[in-house]
Amino acid sequence: MTRKGLPGYLTMDNLKQINGVKGLHVCASHFFDRSGLGLRDGRPLSEVMGQEEDSPVLVFCGLRDPVRFNLNLYPAVGSGNISVETEAGVTTACQDSYMRFVKEAQPDFCLSLSDDIMNCNGKKRRAKAVKRTSEWLGESLNEFGGSGEELKSVGLIASILATERAEDNLRQAQAAAAASSDPSVVGYAIMGLGLGESEESRRGALLSICGQLSKDKVRYTSGPSTPIDLLRTIECGIDVVDTGFVNELTACGMAMVFPTDREGVPDPEVEDGFNLNLWSDEFIHDQRPLKENCECYTCRNGFSRGYIHHLLECRELLAEVLLEFHNTHHMCSFMKTIRTTIEEGVFSEYTEEFQKSYTINTTS
């Protein structure tokens, strides 16, 4: 997850020091200002971010902010518009403005627009959201087909709005699968999740939609808020998942400490088995690293729990920088283990054992 193309507290040079970073999710709404949506100086997003030409890190672009939900919080004027909360205030976006931004930014992949809404909305509004998401996908396909060289290097991720209605999910998945014959479509995005739905509803939607989609194309979703949620989401057939909770934990002064290897066991000193709350006074005199044997920049260079607690208490930005180094490295290690278990055909067993070893403290 990024803010204007960069992780919350790291620079691109910092990011190069973390092994395993595969992609960056860039939220287009972060580039709104009072004159509209755009990069302003005419440079592609990779240059704005300071990304090298041969960088292996892929850039995903979408309108929804996976960390802080920013769509449809206020009514939008116009049937083709969607309200967006930005740093410059609440504004509206439409298919045309979003596509202009994508052409200017030149990301590796862009998600077609989706009309994401909170789960508390009524049936009529949800039906409208499904309809608009499908229409925007059709317009995106036409845009990519007629854009010539402007979108040649950009892959289109076809958005599907997951709902609690199985028939809607099935119909959208079949339409997206049919659209995948278009050479510009490189994958699917299952949107509308992480917005108040039940775990059972989320799992049901993912299973029913993924069952209709080609395994040869990327399948992305947003919404997991814990490592266990992440494993369950991948178990449903998802290939790419945003890790917005890394940003959230860092901003809250917390460090991930759960074992990332298959033989690891939870630390009995950690209340929920997952995270250390470095705001706690118990760390005032703690000279241990965030996690023993961790190879991240923070732990490798001797920044202790007590020191980071001190930085948090002093409101020093260095605290978040060091925590994001650690949490991003930790998540990359976790994802590496997940990929290994999938390749070895033991992912289901790993997920089952992981869930048995941990309990989720929802108040942490």
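Because the structure is predicted, anything quoted here is derived from the model rather than measured. (Residues numbered from 1 in each chain as written. Predicted model: local features only at pLDDT ≥ 70, side-chain atom pairs only at ≥ 80, totals over all residues. Heavy atoms only, no water.)

Q: Just to check I follow, could you spell out a negative patch on the surface for this structure?
A: A cluster of acidic residues, Glu271, Asp281, Glu282 and Glu313, forms a negative patch at the surface. Owing to a relative accessible area of 74%, glutamate 271 belongs among the exposed residues under this scheme. (Patch = residues over 30% accessible without salt bridge, like charges linked within 9 Å, V, L, I, M, F, W, Y side chains within 5 Å. Areas by Shrake-Rupley, 256 points an atom, 1.4 Å probe, with all protein chains shown as cover. Salt bridge = Lys/Arg side-chain N within 4 Å of Asp/Glu carboxyl O. Lys, Arg positive; Asp, Glu negative; His and termini not counted. Charge placed at Lys NZ, Arg CZ, Asp CG, Glu CD. Buried < 20%, exposed > 50% of the residue type's maximum accessible area, 1.4 Å probe, protein only.)

Q: Teacher, can you tell me more about unusual backbone geometry here?
A: Leave glycine aside and you will find that most residues have negative phi; peptide bonds, for their part, are mostly trans. Even without being a glycine, asparagine 72 presents a positive backbone phi close to 55°. Within the secondary structure, asparagine 72 is located in the loop between strand E4 (58-62) and strand E5 (81-86). A positive phi angle, close to 55°, is found at glutamine 106, a residue other than glycine. With respect to the helices, strands and loops of the structure, glutamine 106 is situated in the loop between helix H3 (95-105) and strand E7 (109-111). (Helix = DSSP H or I, 4+ residues; strand = E, 2+ residues; numbered from the N terminus.)

Q: It is not clear to me how the nonpolar core should be interpreted in this structure. Could you clarify?
A: In globular proteins that are soluble, nonpolar side chains generally tend to be buried together. Grouped together as the largest cluster of nonpolar side chains are 89 residues, with contacts concentrated most on Leu63, Tyr98, Cys110, Phe334, Ile338 and Phe354. With seven residues, helix H11 (residues 318-343) is the single largest residue contributor to this core. Dropping the residues within four chain positions of it, leucine 63 is found in contact with Cys27, Ala28, Ser29, Asn70, Leu71, Ile82, Val84, Ala93, Tyr98 and Leu113. Core analysis: the second largest hydrophobic core is formed by 17 residues, Ala255, Cys294, Cys299 and Ala319 among them. (Core = buried A, V, L, I, M, F, W, Y, C linked by side-chain atoms within 4.5 Å. Contact = heavy atoms within 4.5 Å.)

Q: Would you explain the pairing of strand E1 (residues 23-27) in this entry?
A: Note on strand geometry: in a regular strand, side chains alternate between the two faces of the sheet. For E1, the tally of buried residues reaches four of five residues, placing the bulk of the element in the interior. With five bridges connecting them, E1 and E4 associate as parallel partners. Paired with glycine 23 across the strands is leucine 58, a residue of E4. (Pairing = 2+ DSSP bridges.)

Q: Help me understand the packing of aromatic side chains in this model?
A: When we look at a pair of aromatic rings, we describe it by the centre distance and by the angle of the planes. According to the stated counting rule, one finds twelve aromatic pairs in the structure shown. Ring geometry for phenylalanine 303 and tyrosine 307: centres 6.0 Å apart, planes at 25°, overall stacked. Here tyrosine 307 falls in the partly exposed class, since its relative accessible area comes to 33%. Summarising the aromatic geometry, the rings of phenylalanine 334 and phenylalanine 354 are spaced 5.4 Å apart at their centres and angled 35° between planes, so their arrangement reads as tilted. Highlighted residues: phenylalanine 334 in helix H11 and phenylalanine 354 in helix H12 (residues 347-357), separated in sequence by 20 residues. By the burial criterion, phenylalanine 334 is buried, and phenylalanine 354 matches it. Members of the aromatic cluster, connected to one another through ring pairs, are Phe258, Phe274, Phe334, Tyr350 and Phe354. (Phe/Tyr/Trp six-rings, centres within 6.5 Å; stacked < 30°, edge-to-face > 60°.)

Q: Would you mind going over the packing of H11 against H12 with me for this structure?
A: When two helices pack together, their arrangement is captured by the angle between the axes and the distance separating the axes. Following both chains from N to C, one finds H11 and H12 inclined at 135°, their axes separated by 7 Å at the closest point. The angle between H11 and H12 places the two elements in the oblique class. Counted together, Phe334, Thr337, Ile338, Thr341 and Ile342 of H11 and Phe347, Tyr350 and Phe354 of H12 form the full contact between these two elements. Considered class by class, the residues forming the contact of H11 with H12 number six nonpolar, two polar and no charged. (Axes fitted to C-alpha atoms, helices over the stretch in contact; angles between N-to-C directions. Parallel < 35°, antiparallel > 145°, perpendicular 65-115°, else oblique. Nonpolar A, V, L, I, M, F, W, Y, C, P; charged D, E, K, R; others polar.)

Q: Looking at this structure, I do not really get the sheet that holds E1. What am I missing?
A: Within the open sheet, the seven strands sit side by side as E1-E4-E7-E8-E9-E10-E11. Their pairing is parallel. Two strands in the sheet have a free side with no partner beyond their single neighbour: E1 and strand E11 (240-241). Helix-sheet contacts for H3 involve E4 and E7, and the interaxial angle to E7 is about 170°.

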